[in-house]
Amino acid sequence: CHTKAGFMNRDAGAFTTRGVAKTRIDAFKAQTNVVAQLPSDAQLDFEKQTLTAASFAQRQVVEGGMATVMSQVAIVHDARSPAYKAFGSAGLYNASEGDFYVNMGHLLDWATAHAAEYRAQGLTPTQLQALTAANTDYLAALKAQRLAISGRSATTQTRQIALNAHYDELTALCNIGQGLF
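Rules and cut-offs
- Residues numbered from 1 in each chain as written.
- Predicted model: local features only at pLDDT ≥ 70, side-chain atom pairs only at ≥ 80, totals over all residues.
- Heavy atoms only, no water.
- Axes fitted to C-alpha atoms, helices over the stretch in contact; angles between N-to-C directions.
- Helix = DSSP H or I, 4+ residues; strand = E, 2+ residues; numbered from the N terminus.
- Parallel < 35°, antiparallel > 145°, perpendicular 65-115°, else oblique.
- Left-handed = near helix turned anticlockwise from the far one by under 90°.
- Contact = heavy atoms within 4.5 Å.
- Nonpolar A, V, L, I, M, F, W, Y, C, P; charged D, E, K, R; others polar.
- Phe/Tyr/Trp six-rings, centres within 6.5 Å; stacked < 30°, edge-to-face > 60°.
- Buried < 20%, exposed > 50% of the residue type's maximum accessible area, 1.4 Å probe, protein only.

**Student:** Break down the packing of helix H1 (residues 2–10) against helix H3 (residues 22–37) for me, with residues and values.
**Tutor:** Two numbers describe how H1 lies on H3: the axes approach to 10 Å, and their chain directions differ by 170°. Between H1 and H3, the angle falls in the class roughly antiparallel. Like other packed secondary-structure pairs, H1 and H3 cross with a definite hand, here left-handed. Facing His-2, Ala-5, Met-8 and Asn-9 of H1, the residues of H3 in contact are Ile-25, Phe-28, Lys-29, Thr-32 and Asn-33. Looking at the contact of H1 with H3, its residues break down into 4 nonpolar, 4 polar and 1 charged.

This is the structure in structure tokens:
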């Protein structure tokens, strides 16, 4: 497009006979520079994939902490007992992102309320606070990932609109040039 704009500048006198002022050619060059700066879909996808991997890694941290807590609870209560099931850990490994976060919050609330019952098995308030912080970090990682997905969609739409407008102007100017020469 810069090459075409260069030709248009070179032949500006001829283009003015068709109503194409220098300001239009300058605007076309500026538009070319703007669309050249738009991020590619590959760049946006890489960012999304990086953030997806980060949220997955953070979930694994939380799952590891949950497994430790539940192993401490299992020393006192059988995994089939109502007391064990009250923690709500069943199915958390296969839960969706949102369900995992919410249900993990329940598990942490329940564990915090009953921590004294499992102190002898090594369950500490510090351990639960660290796991709560890890769960909060998981939510932040999920939000960053979702924002990247939304941002990619919005930027793709912006890029399509900008490139279509640029293509239309390029086509119009080239058609004028073709008619001239």
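**Student:** Summarise the packing of aromatic side chains; cite the residues concerned and give the values.
**Tutor:** Evaluated as defined, the whole model comprises 2 aromatic pairs. With a centroid separation of 5.7 Å and an interplanar angle of 65°, the aromatic rings of Phe-87 and Tyr-118 are classed as edge-to-face. You can see Phe-87 sitting in the loop between helix H5 (82–85) and helix H6 (97–113) and its partner Tyr-118 sitting in the loop between H6 and helix H7 (125–180), a full 31 residues away along the chain. Accessibility assignment for this pair places Phe-87 and Tyr-118 in one class, buried. Ring geometry for Phe-100 against Tyr-138: centres 5.5 Å apart, planes inclined by 85°, an arrangement best described as edge-to-face.

**Student:** Any details on the packing of H3 against H7? Residues and values, ideally.
**Tutor:** Two measures define how a pair of helices packs: the angle their axes make with one another and the distance between the axes. One can describe the packing of H3 onto H7 by two numbers: an axis separation of 10 Å at closest approach and a directional angle of 145°. Classified by chirality, the crossing of H7 by H3 is left-handed. Here Arg-24, Phe-28, Gln-31, Thr-32 and Val-35 of H3 come into contact with H7, specifically with Ala-162, Leu-163, Ala-165, His-166, Glu-169, Leu-170, Ala-172, Leu-173 and Ile-176. Across the contact of H3 with H7, the residue classes tally to 9 nonpolar, 3 polar and 2 charged.

That's the geometry; what it means functionally is another story.
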